Amino acid sequence: MGKSRYRITVPQAPHFFTATINQWIPIFTRPATVNIIYGSWHYLQQTTTFQLYGYVILENHIHFIAQSDQLSKHIQSFKSWTARSILDRLCEHNADFLLKQFAFYKKSHKTQSQYQFWQEGSHPRMIQDEVILRQKLEYIHQNPVKRGYVEQPEHWRYSSARNYAGLNGLIDVFIDW
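Residues numbered from 1 in each chain as written. Predicted model: local features only at pLDDT ≥ 70, side-chain atom pairs only at ≥ 80, totals over all residues. Heavy atoms only, no water.

### Comments concerning the environment of Tyr149
- Within the element layout of this structure, Tyr149 appears in the loop between α4 (130-146) and α5 (161-164).
- A residue is classified by how much of its surface remains accessible, and Tyr149, at 36% relative accessible area, is partly exposed.
- For the pair Tyr149 and Leu58, spaced 91 residues apart in the sequence, the C-alpha separation amounts to 10.0 Å.
- Filtering out sequence-adjacent residues up to four positions away, Tyr149 remains in contact with Leu58, Glu59, Pro144 and Trp156. (Helix = DSSP H or I, 4+ residues; strand = E, 2+ residues; numbered from the N terminus. Buried < 20%, exposed > 50% of the residue type's maximum accessible area, 1.4 Å probe, protein only. Contact = heavy atoms within 4.5 Å.)

### Quick notes on the confidence of the model for the protein
- Across the protein, the average pLDDT comes to 91, with 94% of residues at 70 or higher.
- Mean pLDDT values for the elements of the protein range from 88 in helix α3 (residues 96-104) up to 98 in strand β2 (residues 51-57).
- In this model residues 1-5 is a low-confidence stretch, pLDDT under 50, and it forms nine contacts with partners more than four residues away in sequence or in other chains. (pLDDT = per-residue confidence, 0-100.)

### Side note on unusual backbone geometry
- In this structure, Gln23 is a non-glycine residue whose phi angle is positive, near 60°.
- Tracing the sequence through the fold places Gln23 in the loop between β1 (15-20) and α1 (31-47).
- The backbone of Trp24 sits at a positive phi, close to 60°, despite the residue not being glycine.
- Tracing the backbone through its elements, the reader meets Trp24 in the loop between β1 and α1.
- On the basis of relative accessibility, which here comes to 43%, the residue Trp24 falls in the partly exposed class.

See the structure below:
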């Protein structure tokens, strides 16, 4: 993750994250791209202690609450794998315009890659108690409503609001807190 004043100091506690596409480029407009996010979360859930409490995926950023015993490592892995997978997909589909933007806006110190998909950092905020957890979940779930995309949070397909409303979500979330 990028240099930031935000740090994960208690990895066993749930944390609120925001991950933003470089320059707010709208990339999560196709189900196949969104499925890369789900695939990464599902892999972490199956192979590590990663627990996903809630999330929303919008066209150019995601918010989520997660916890694990190696949270910093798992978030770094998530961002690295999703960036590589989505960039590979863009290359396969000759999305030259988007690729040129990710190359143009890449930070000069990012010498390992031709592109920069995610903005640096994810601004982790530790969730200290159930009250704050509920506030953050409400914020996450209301994002598509505030943008005018849907009238009810559970109507947004790419959100854990569906899980919390007792509907089938696209990925399991940890709701027994």
